Amino acid sequence: MLFMHIRTRFAPSPTGFIHLGNLRSALYPWAFARHNQGDFILRIEDTDLERSTQEAVDVIIEGMSWLGLDWDEGPIYQMQRIDRYREVVKQMLNAGLAYPCYMTENELNLLRDQQMANKEKPRYDGMWRPEPGKSLPPIPEGISPVIRFKNPIGGSVIWNDAVKGQIEISNDELDDLVIARPDGTPTYNFCVVVDDMDMKITHVIRGDDHVNNTPRQINIMKALGGTPPVYAHLPTVVNDGGEKMSKRNGAMSVRDYQRAGYLPEAILNYLARLGWSHGDAEVFTKEQFVDWFDLKNLGRSPAQHNPEKLLWLNHQYIQNSDPMRLAEITEPFAHELGIDTESGPDFVQVVSLLQDRANTLLEIAEGVKLFYLPAPQLTTDQIKENIPEAIVPALKDLVDAISICEPSKEAYSAIFKQVLAKHQIKMPALAMPVRYALFATTKTPAIDSVLVVLGKEEALNRLSNVFLD
Ligand code: GLU
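Model, not experiment: these values are computed from the prediction.

Conventions used here
Residues numbered from 1 in each chain as written. Predicted model: local features only at pLDDT ≥ 70, side-chain atom pairs only at ≥ 80, totals over all residues. Heavy atoms only, no water. Helix = DSSP H or I, 4+ residues; strand = E, 2+ residues; numbered from the N terminus. Contact = heavy atoms within 4.5 Å. Buried < 20%, exposed > 50% of the residue type's maximum accessible area, 1.4 Å probe, protein only. Near = heavy atom within 4 Å. Polar contact = N/O pair within 3.5 Å; in protein donor to acceptor, adjacent residues only side chain to side chain. Areas by Shrake-Rupley, 256 points an atom, 1.4 Å probe, with all protein chains shown as cover. Phe/Tyr/Trp six-rings, centres within 6.5 Å; stacked < 30°, edge-to-face > 60°. Core = buried A, V, L, I, M, F, W, Y, C linked by side-chain atoms within 4.5 Å. Axes fitted to C-alpha atoms, helices over the stretch in contact; angles between N-to-C directions. Parallel < 35°, antiparallel > 145°, perpendicular 65-115°, else oblique. Nonpolar A, V, L, I, M, F, W, Y, C, P; charged D, E, K, R; others polar. Pairing = 2+ DSSP bridges. Right-handed = clockwise from strand over helix to strand, strands pointing away.

Along the polypeptide, R9 turns up in strand β1 (residues 7-10). Discounting residues that sit within four places of it in the chain, R9 has contacts with P29, F40, I41, R43, V192, D196, I201, H203, V204, I205 and R206.

Dropping the structure here:
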């Protein structure tokens, strides 16, 4: 056990909508494999032909790549392993571990109705299950059988779930599972077992919606001579209202977050904490996460999705990003908004001016717009309304001082102080008209920094345009 080579997997079904919470089931097994220098396998469970889509596969693969969740093997598509599953079904039939069942859909429904009427739990009654000394009904003509697994009778299945503790399910609760349909296609739980065995998975870390499948999977695996892996069933991710996250109640896909300007490291950090903790650490790097990750600190209660916390984390990461990199990843957002980042001040400088306050890359992109619009053409009325006549002498002093100073933040800040002191006015009285003169709005980042980024010459031109006489 000590030197076990850890192998984990993420086994999504590419059906329907893949939201952020779904990727948590990729993050934990990935981190566990990386922490233990093991292998992480990506397996696409696409046997539900009606519901599986390439689009969903793309969303999964893109999302994982964007978050940097690299896999060592795969993607392995179950649809490409159908022959293997059929082979194992055959082996099981030959070994007497499974048997053909000719009960029709209709008969099964009748049986169920009867059981329900008798207040019994509906289950297959074992009619076609061969037993020593038991004679089976004559095989009906024209009916293709399903293949059922001979579930053990009596006793129970016990496993020590790494999240939920010991779970025990009586075998009496489990009827003989169909492992192959009449057309020979294998069923879901069976494929999972064959794959987990063939892929030598040591730890199955997945959502707790699979707890009910686990005893069945363990029984089949044992019948095949395998050793069941360690299971860790993760509690569901719920929204503020305590409902399971879904598209209907506002869950977003990773792509949506990417488009809204979230950083992958913020998402990763957020997902890491969605059901796992390390002391009171809230902001940590991917490397720290891998370093710290263990199964024993997985939470037992439902993890609550908290969009505000995610936004807060994103802000933390934006604020602490290297401006060069931030500019690089913000540029596509700016282009999307129609901003020509070449025609204006240095983009890295503009971005670094905004990074302290922004929550998303989209917000930065919206903020940089100001610096790439042409100089405002203010009407006389606009000027009169926004640049009080009383402030004009101070504004003129400011322009004079700027025109002969070093273009630095410190110099601009000193000039503002001098002019304010000389004219006995407060900062907003001067800064607001200056902002308006520069951009036709009073909402800008700190004025001394703005002047540096805009450039002295451009700033002086714009300021001089508001002197009416
Ligand atoms: N394909 C299953 C799902 O997407 C996961 C199966 C497993 O992890 O065992 O829910």
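Among the secondary structure elements, I425 is positioned in the loop between α16 (409-423) and α17 (427-439). The exposure class of I425 is partly exposed, given its relative accessible area of 24%. Separated by 156 residues in the primary sequence, I425 and N269 place their C-alpha atoms 47 Å from one another. Discounting residues that sit within four places of it in the chain, I425 has contacts with I391, A394, L420 and L430.

This next bit is on the site of the ligand. Looking at the ligand, the residues that line it are R9, A11, P12, S13, E45, Y188, R206 and H210. Contact distances for the ligand include 2.7 Å between a nitrogen atom and a backbone N or O atom of A11. One nitrogen or oxygen atom from the side chain of S13 is found 2.8 Å from a nitrogen atom belonging to the ligand. Bound to the protein, the ligand loses 82% of the 300 Å² it would expose on its own.

Using the criterion set out here, one finds 13 aromatic pairs in the structure. Between the aromatic rings of F289 and F293, the centroid separation amounts to 5.5 Å while the plane-to-plane angle is 70°, which identifies the pairing as edge-to-face. Exposure class is identical for F289 and F293. Each is buried. The interplanar angle of 55° and the centroid separation of 6.2 Å between the aromatic rings of F347 and Y372 together place this pair among those described as tilted. Taken together, the positions of F347 in helix α12 (residues 347-354) and Y372 in helix α13 (residues 361-372) put the pair 25 residues apart, joining distant regions of the chain. Here the two residues F347 and Y372 agree in accessibility, since each one is buried.

An α-helix turns once per 3.6 residues; consequently, residues spaced three or four apart project the same way. Within helix α5 (residues 188-198), eight of the eleven residues are buried, which leaves the element mostly enclosed by the surrounding structure. What α5 keeps buried is the set N189, F190, C191, V192, V193, V194, D195 and D196. Structurally, α5 contributes buried residues whose contacts are with β1, β2 (39-44), α3 (82-94), β8 (178-180), β9 (203-207) and α6 (214-223).

Buried together is how nonpolar side chains tend to be arranged in soluble globular proteins. Counting residues in each nonpolar core, the largest one holds 107 residues, and the members touching the most others are F289, V368, F371, L430 and L438. The leading source of residues in this core is helix α1 (residues 20-35), at nine residues. Counting residues in hydrophobic clusters, the runner-up holds 28 residues, among them V88, W159, I167 and I179.

It is worth spelling out the packing of helix α11 (residues 323-336) against α12 at this point. Contact pair α11 / α12: the axes reach a minimum separation of 9 Å and the direction vectors enclose 95°. It follows from the interaxial angle that α11 and α12 lie roughly perpendicular. Taking contact as the criterion, the partners of P323, M324, L326, A327, T330, E331 and A334 in α11 are, on α12, F347, V348, V351 and S352. Of the residues belonging to the contact of α11 with α12, the class tally is eight nonpolar, two polar and one charged.

With respect to burial, β2 is a largely interior element, six of its six residues being buried. Because side chains alternate across β2, one face comprises the buried residues D39, I41 and R43, and the other comprises F40, L42 and I44, equally buried. In the sheet, β1 pairs with β2 via four bridges, with the strands oriented parallel. Its bridge partner lying in β2, R7 is registered against D39. With α1 bridging β1 and its parallel neighbour β2, the resulting β-α-β unit is right-handed. The pairing of β2 with strand β3 (residues 73-77) spans three bridges and is parallel.

Below, the discussion takes up the sheet that holds β8. One open sheet accounts for three strands, arranged β4-β5-β8; its pairing is antiparallel. The open sheet is flanked by β4 (98-101) and β8, the only strands paired with a single partner. Neighbour to neighbour, the strand axes of the sheet diverge by 45° on average, direction disregarded. Here two bridges tie strand β5 (residues 146-149) to β8, and the two strands are oriented antiparallel to one another. By the bridge assignment, I147 is partnered in β8 with A180.

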